[in-house]
Structures are given as structure tokens and as C-alpha cells.
Amino acid sequence: MSASAPARADGRATAARCPPGRPRRARSLAGGALLLIGTLLLPLSLAALWARAELTDTDRYVAAVAPLAGNRAIQNAIVDDVTNGVMPHVRLDGLLKVVPRAERPALRRKFTRGIREFVDKQVRQVVTGRTFPEVWTGVHRTAHRALDGTLAASGDAPVTLDLSPVIERVRHQLSGNGLGIDIVRRVPPTGASIVLLNSPDVPRLRAGCQVARTGALLLPPAAALCLLAGLLLTRRRRRALICTAAGCAVACALLAAALALVRTRLLDALPATVPRPAADAYTDALTASLRSGVWTAIGAAAATVALAAAGPLAARLRGTPSDRQPGSGRERVTPRGLPNAHDDGRRRLADERPRH
């Protein structure tokens, strides 16, 4: 018998147990650190991928805002912008020459109100027409390409949403109405636009775009590698998987809360001239893919936690209890799972029987 294997009282040798060494502990610590880094990088990866897609992919941007063509708040905002762009070109001086000077202000207000209602009605027919979604997507495609050009250049020209195609449809709509003949002759080809990005905000958005492009290339693979390497380095992988999935769910939930907070702050900072319902609809359309990705990640992490935690429990429920062994401290159980009281009673009677 080897001297390194001490013998017990029953004659069997026991293997010497060595305490966990420093390499194993360092490996576990490194695995935990990698899992923590991967958990923190996951929400940042989602945000970077979304920002890169919305800023650089014109087709994806157009697909995101295309449903807004049928949104009532967006339609009302466009009707107001186009009508406000048309009304300054309406001249009533020729109609008011034959009216006494004292009556001109009241009559001017009355005529202006009536003409505005007329133009508003015609613009609304264009905005709610069947061909407007095509015009809407064309306007946004042009605006996004202009945004790409502004971000690629070094200037700080503002980015606007040119509503000239809508104005042309309105001119065509007004030309078919008796009162609109004079209005069509006075309205220029361009007259309405929506400022999407002011000049002071262009350099900040350009810097953010560069960060988003770099982050979208580096963060997702870094997060995946950290999570995979961390799980491989840890000793108790099931527990590490449960903790990591729970941490990912919490991190994504914090990203959703931060997104809601930033959305509220940005909408509150908009000027009073921007309709809040239209801004809400536009913001929700742009961030729909990010919110969907965040909640998908939360659901996947929760499912991972549930499946990993249910594995040992299911194994215990499927397992069969073992018989009582000498020195194990376990009682023998019957097939129904209850202690075998009959065998215990028979053993006691045998012990109490007098021996001859």
C-alpha cells in the first residue's frame, strides 16, 4: 500500500484531497470578470447596432417611417405645415381695392380664414389620398440621403424634410378648383419644409455617428466572446449561466428605462411649434426596432434562466431514491416513498427475543 494513501479502519484507502490551487481560483475569477463585461456590453451592442442601422441604412429608415403616412397626427402636422407654407403667397390686395378702407381689415380676416379653410381641405385630400404614401417615402428617402451627405461632409448645413412633392400635389389639387386658380399662380414650387437637424446639432450627430459605426463593429463580437469565454472558464457553469442570463435581463431592462427617459427629455426639449403627437409617433417609429430588440433579449434571458434552473429540479423529480446503505444515514423506502415500518418492527422483535 502506498504511503500517500492512508488506510481507514475498514481497510480501504482514501484518496488525499488537495485544496483548490491558485490557478483554478484565478481561472474562476477571470471567468466571472468576462461574464460581467459581456453582460455590460450586451445593451451597448444593441444600441450601437440600432444607431448604425438608422443612420446609415436608407432602406431600413424608409421602411421604419413608411407606416407614418397613415398616422393621423403626422397627417395633421403635414397639413398645417403645407397650409402655412401656401398662405403667405396668397394676396388679397386686388380683391380689397373696391372695398372701403375702413372695412378692409375685417374683410381681410374673413377672406383669409375662408381661403385657409379651403387650402386646408385641399391639402388634407392630398395627404389622405392613395398616392400620398409613395410621396411620403420619396420625401424621406431624399431627406435621409441628404443626412448621409451632411454627416460625410465637414460642413454644418441643417437637414430639412423638403415637402416640395407635397406642394406640387397640392398645386395640382388646387388647379382643379375655381378658387384655386389664382392661388396656384402665386404659390412657388417650394414653400414648406420641416427642419430635422439644426446646424449646431450637426457636429454632435456626426461624432455620434462615428461612435455608433465603430461600436456596431466591435461591441457585438466582444460581448459574445466575453460571454462564451466566461462560461468556459467558470467551474459551476449552470450557476454561472443562470446569473449571467439574469444580469443580461437586468441590463437590457435598464436600457429600456434609459431609452424611455431620453425619449421624454428629447420631446420636452422640442420647440412649441412642433406638434407633440406627431413627434411621439415619429420617435416611436424610429425606436421600434431598438425596443423590439431589447424586449427580445429580455425574453431570451428570462427563458434561459427558467430552463437552466428547471434542469436540476426535473432531474430530482425523475430520480429514484436509493436504498439505505451502511453508514449513509439514509432510510430504506418503500415503492410508495414511505419508510418501511414493517421491516423496522420485525428487526426490533428479533433484538428483544431472549437468546439461549
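Refer to the structure presented above.
A brief look at the structure comes next. (Residues numbered from 1 in each chain as written. Predicted model: local features only at pLDDT ≥ 70, side-chain atom pairs only at ≥ 80, totals over all residues. Heavy atoms only, no water.)

### A closer look at the overall build of the protein chain
(1) Moving on: The helix and strand tally for the protein chain stands at 13 helices and 2 strands.
(2) Moving on: Relative to its 356 residues, the protein chain shows a buried fraction of 28%.
(3) Moving on: Here the contacts in the protein chain between residues at least 6 apart in sequence split such that 76% fall between residues at least 24 apart.
(4) Moving on: For the protein chain, the computed accessible surface area is about 23,000 Å², with 60% contributed by carbon and sulfur atoms. (Helix = DSSP H or I, 4+ residues; strand = E, 2+ residues; numbered from the N terminus. Buried < 20%, exposed > 50% of the residue type's maximum accessible area, 1.4 Å probe, protein only. Contact = heavy atoms within 4.5 Å. Areas by Shrake-Rupley, 256 points an atom, 1.4 Å probe, with all protein chains shown as cover.)

### Considerations on the nonpolar core
(1) Moving on: Judged by nonpolar contacts, the single largest core of 37 residues is most densely connected at Leu68, Ile78, Val82, Trp136 and Val166.
(2) Moving on: Listing elements by their share of this core, those giving two or more residues are helix 2 (58-65), helix 3 (72-86), helix 5 (104-127), helix 6 (132-152), helix 7 (164-175) and helix 11 (276-286).
(3) Moving on: If you look at the next biggest cluster of nonpolar residues, it comprises 8 residues, including Leu255, Ala256, Ala297 and Ile298. (Core = buried A, V, L, I, M, F, W, Y, C linked by side-chain atoms within 4.5 Å.)

### Here's the deal with the packing of aromatic side chains
(1) Moving on: Within the structure shown, the criterion is met by 1 aromatic pair.
(2) Moving on: With 6.1 Å between their ring centres and 40° between their planes, Phe132 and Trp136 make a pair best called tilted. Pair noted here: Phe132 and Trp136 are both in helix 6, with a separation of 4 residues, about one helical turn. As far as burial versus exposure is concerned, Phe132 and Trp136 are alike and both buried. (Phe/Tyr/Trp six-rings, centres within 6.5 Å; stacked < 30°, edge-to-face > 60°.)

### A word on the packing of helix 3 against helix 11
(1) Moving on: Between helix 3 and helix 11, the shortest axis-to-axis distance is 8 Å and the interhelical angle comes to 125°. Here helix 3 is positioned oblique relative to helix 11, judged by the angle of their axes. Helix 3 and helix 11 meet at a crossing whose hand is left-handed. In this structure, helix 3 uses Ala73, Ile74 and Ala77 to contact helix 11, whose residues at the interface are Pro277, Ala278 and Ala281.
(2) Moving on: Classifying every residue of the contact of helix 3 with helix 11 by side-chain character gives 6 nonpolar, no polar and no charged. (Axes fitted to C-alpha atoms, helices over the stretch in contact; angles between N-to-C directions. Parallel < 35°, antiparallel > 145°, perpendicular 65-115°, else oblique. Left-handed = near helix turned anticlockwise from the far one by under 90°. Nonpolar A, V, L, I, M, F, W, Y, C, P; charged D, E, K, R; others polar.)

### Some words on the pattern of salt bridges
(1) Moving on: Scanning the model with the defined rule gives 6 salt bridges in all.
(2) Moving on: Linking Arg263 and Asp280 is a salt bridge whose minimum nitrogen-to-oxygen distance equals 3.5 Å. On the criterion of sequence distance, the pair formed by Arg263 in helix 10 (residues 237-268) and Asp280 in helix 11 is long-range, its members being 17 residues apart.
(3) Moving on: When its relative accessible area of 24% is taken as the criterion, Arg263 is described as partly exposed.
(4) Moving on: Linking Asp280 and Arg276 is a salt bridge whose minimum nitrogen-to-oxygen distance equals 3.1 Å. Here Arg276 and Asp280 lie together in helix 11, a separation of 4 residues that amounts to about one turn.
(5) Moving on: Judged by relative accessible area, which is 36%, Arg276 ranks as partly exposed.
(6) Moving on: Put simply, Arg263, Asp268, Arg276, Asp280 and Asp284 are held in one network by salt bridges that share partners. (Salt bridge = Lys/Arg side-chain N within 4 Å of Asp/Glu carboxyl O.)

So, to be careful, I would describe these as geometric facts and stop short of saying anything about function.
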